[in-house]
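Architecture and fold: a report
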Amino acid sequence: MLYLVGLGLGDAKDITVKGLEAVRRCRRVYLEAYTSILTVGKEALEEFYGKELILADRETVEQEADSILKEADVCDVAFLVVGDPFGATTHSDLVLRAVKLGIPYKVIHNASIMNAVGCCGLQLYKFGEAVSVVFWTDTWKPESFFDKIEKNRQNGMHTLCLLDIKVKEQSLENLMKGRKIYEPPRYMSVNQAAEQLLAIIQNRRLQGEEPAITENTICVGLARVGAPDQKIVSGTLYQMSTVELGGPLHSLIVTGTMHPLELEMLKLFSVDSSSFENKAFQRTT
């Protein structure tokens, strides 16, 4: 049996009872280590679960999936995912491979950032398509995510922006030379994401457009959701470019049309309460 087990968002104790029981009876336990992180390390998980964990990076999961599934038809193997197994990043390919090999599988769900963002007071059913905001480089500055945020906002929907994670990435030079040398991990912060959005707004204006999102659009920054030191701030997009929320992981929400109750909740986390006084920012109708 292949078990896909969600670990939740905080620490070792966020695993469900059902998930923990599955992990403890598995012969091999893999920890997916490239789409998200917990607030504790591999060692803390091993101590709590009572099991040795095998780190599975992107290369292992995408190119060596058969090694994960090896003997899973005759013994139990677990694949652990921070959040929910089918949350922000799906692992459908692993399931399809298992089915093709005749290996039964079971999914044990858990909390994901996709539903935990409700902690800021915005109503989950009013979120539109989620987007990923990637790190720009000197030669690559995509803007496609901005168009999706605009579309959501025009439809009155909020947008959850999942911020880029760079783990075990190679520089272009090392990649071209085939050297297994990796860059230090990088995690995009709320202020970095906001700065990129502001740059896109300026670019669009230079092209004669007036974007549906401006410096004054109300946004929400979240850091380490589910951890004891989680942080939530609300304010304008410009204010988000100046906030410091500490360590990863961060997420950014660009709001759409807000119900008065949503506004009242966001005021609890406001950088500056005056941001919510101007009716132009409220969009409650």
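Refer to the structure above for everything that follows.
Because the structure is a prediction, the values reported are computed rather than measured. (Residues numbered from 1 in each chain as written. Predicted model: local features only at pLDDT ≥ 70, side-chain atom pairs only at ≥ 80, totals over all residues. Heavy atoms only, no water.)

1. Brief notes about the overall build of the protein
- For the protein, the helix and strand inventory stands at 12 helices and 12 strands.
- In terms of overall dimensions, the protein is globule-like: its C-alpha atoms have a radius of gyration of 21 Å, near the 19 Å expected for 285 residues.
- Summarising its shape, the C-alpha atoms of the protein cover approximately 65 × 45 × 35 Å along the three principal directions.
- Burial analysis of the protein (285 residues in total) assigns 48% to the buried set.
- Of all intrachain contacts in the protein linking residues separated by at least 6 positions in sequence, the fraction that spans at least 24 positions is 73%.
- Carbon together with sulfur atoms contributes 51% to the accessible area of the protein, which is approximately 14100 Å² in total.
- The positive charge centre, built from 31 side chains, and the negative charge centre, built from 37, are 3 Å apart in the protein. (Helix = DSSP H or I, 4+ residues; strand = E, 2+ residues; numbered from the N terminus. Rg over C-alpha atoms; globule rule 2.2 N^0.38 Å. Buried < 20%, exposed > 50% of the residue type's maximum accessible area, 1.4 Å probe, protein only. Contact = heavy atoms within 4.5 Å. Areas by Shrake-Rupley, 256 points an atom, 1.4 Å probe, with all protein chains shown as cover. Lys, Arg positive; Asp, Glu negative; His and termini not counted. Charge placed at Lys NZ, Arg CZ, Asp CG, Glu CD.)

2. Examining the sheet that holds strand 6 (residues 131-133)
- A sheet is described by the order of its strands in space; here 5 strands give the open sequence 6-7-12-10-11, paired in mixed fashion. Of all strands in the sheet, those with a lone pairing partner are strand 6 and strand 11 (231-236), marking the two edges. Averaged over neighbouring strand pairs, the angle between their axes works out to 25° when direction is ignored.
- For strand 7 (residues 159-163) and strand 12 (residues 250-254), the ladder comprises 4 bridges, and the chain directions are antiparallel. Following the sheet pairing, Thr-159 is matched in strand 12 by Val-254. (Pairing = 2+ DSSP bridges. Axes fitted to C-alpha atoms, helices over the stretch in contact; angles between N-to-C directions.)

3. Section: the sheet that holds strand 2 (residues 28-32)
- Spatially, 3-2-4-1-5 is the arrangement adopted by the 5 strands of the open sheet, whose pairing is parallel. The sheet terminates laterally at strand 3 (54-56) and strand 5 (105-108), the two strands that pair on one side only. When the angles between neighbouring strand axes are averaged without regard to direction, this sheet yields 25°.
- Where strand 1 (residues 2-6) meets strand 5, 4 bridges bridge the pair, whose relative direction is parallel.

4. So, unusual backbone geometry
- Looking along the chain, the bond that leaves Pro-248 and enters Leu-249 is cis, with omega of 0°.
- Examined against the element boundaries, Leu-249 turns out to sit in the loop between helix 10 (237-240) and strand 12.
- One non-glycine residue, Glu-71, adopts positive backbone phi at about 65°.
- In this fold, Glu-71 is placed in the loop between helix 4 (65-69) and strand 4 (77-81).
- Taking relative accessible area as the criterion, Glu-71 reaches 38% and is therefore assigned partly exposed.
- The phi dihedral of Arg-224 falls on the positive side, at around 55°, and the residue is not glycine.
- With respect to the helices and strands, Arg-224 occurs in the loop between strand 10 (218-223) and strand 11.
- The exposure class of Arg-224 is buried, given its relative accessible area of 13%.

5. Re the pattern of salt bridges
- Taken as a whole and judged by the stated rule, the model has 15 salt bridges.
- For Glu-262, the salt bridge goes to Lys-126, with nearest N and O atoms at 2.8 Å. Of this pair, Glu-262 sits in helix 11 (residues 260-267) while Lys-126 sits in the loop between helix 6 (113-116) and strand 6, placing them 136 residues apart in sequence. For the pair Glu-262 and Lys-126, a shared accessibility class is recorded, and that class is buried.
- Asp-147 is the partner of Arg-204 in a salt bridge, and the nearest nitrogen-oxygen pair spans 3.0 Å. In this pair, Arg-204 is assigned in helix 9 (residues 190-206) and Asp-147 in helix 7 (residues 144-154), connecting sequence segments 57 residues apart. (Salt bridge = Lys/Arg side-chain N within 4 Å of Asp/Glu carboxyl O.)

6. Structural notes on the side chain of Gln-239
- Counting through the fold element by element, Gln-239 comes out in helix 10.
- With residues up to four places along the chain from it excluded, the contact list for Gln-239 reads Val-271, Asp-272 and Ser-275.

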